Amino acid sequence: MVLALSNPTEHAECNTRASLYMVQGQGIYAAGVQFPPVRFNGQTFLPGQANNFYIFPAVGMAIFATQASRVTDEMFIEAARAVADQVPSDLLNQGLLYPLQSNILETEIQTAARVAKLVFDLGLARVARATDMVAFIREHVYKPEYKAEPTSRTTAA
């Protein structure tokens, strides 16, 4: 596994193609920035972007929803497992390390639901346990909705 995490792109330790040549296509590559797909030995590899936006928002969402009394290392480990479980095998075979970013909200919800379940299992929640953890998390997702202000009509006297 090669994690070339230096930013910006021109300072990355190596690029996807160089990494694939070094490991003869038998490794996983992720950078701190997004690189385009690379063809190597007849296969297309999708380089991952190692980024904390998969873990921290989901853990935060679970903590907020459950009103957890404290945060544990286990919560972050469960979040990492939940994220990893959401990478389909066909994408793993292409070298992708994380779920697709195009579906980030759903990834966060599923991850937060797993962490919330753990919070309840550990007895750290300060709210009643939900029967459907995914629905419970969805209820706590921020929705940028604006309510129309009532218009008031004033008449000149």
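We now turn to the structure provided with this report. (Residues numbered from 1 in each chain as written. Predicted model: local features only at pLDDT ≥ 70, side-chain atom pairs only at ≥ 80, totals over all residues. Heavy atoms only, no water.)

1. Topic: the packing of helix H3 (residues 73–85) against helix H5 (residues 104–121)
Stage number 1. Between H3 and H5, whose axes approach to 8 Å, the crossing angle comes to 145°. Once H3 is placed against H5, the crossing between them reads as right-handed. Mapping the contact onto sequence places Glu 74, Met 75, Glu 78, Ala 79, Arg 81, Ala 82, Val 83 and Asp 85 in H3 and Thr 111, Arg 114, Val 115, Leu 118 and Val 119 in H5.
Stage number 2. Across the contact of H3 with H5, the residue classes tally to seven nonpolar, one polar and five charged. (Axes fitted to C-alpha atoms, helices over the stretch in contact; angles between N-to-C directions. Helix = DSSP H or I, 4+ residues; strand = E, 2+ residues; numbered from the N terminus. Left-handed = near helix turned anticlockwise from the far one by under 90°. Contact = heavy atoms within 4.5 Å. Nonpolar A, V, L, I, M, F, W, Y, C, P; charged D, E, K, R; others polar.)

2. Describing the pattern of salt bridges
Side-chain pairs of opposite charge can arise whenever the charged atoms involved come near each other.
Stage number 1. One pass over the structure, following the stated rule, counts five salt bridges.
Stage number 2. The salt bridge involving Asp 85 is made with Arg 114; its shortest N-O contact spans 3.0 Å. Taken together, the residues Asp 85 in helix H3 and Arg 114 in helix H5 connect sequence positions 29 residues apart.
Stage number 3. For Asp 85, a relative accessible area of 55% puts it in the exposed group.
Stage number 4. Relative accessible area serves as the criterion here: at 29%, Arg 114 is assigned to the partly exposed category.
Stage number 5. Here Glu 106 and Arg 138 are joined by a salt bridge, their closest N and O atoms 2.8 Å apart. Here Glu 106, found in helix H5, pairs with Arg 138, found in helix H6 (residues 133–139); they are 32 residues apart in sequence, far enough to count as distant.
Stage number 6. With a relative accessible area of 34%, Arg 138 lands in the partly exposed category.
Stage number 7. Here the salt bridges do not stand alone but share partners, grouping Glu 78, Asp 85 and Arg 114 into one network. (Salt bridge = Lys/Arg side-chain N within 4 Å of Asp/Glu carboxyl O. Buried < 20%, exposed > 50% of the residue type's maximum accessible area, 1.4 Å probe, protein only.)

Geometry only, nothing functional implied.
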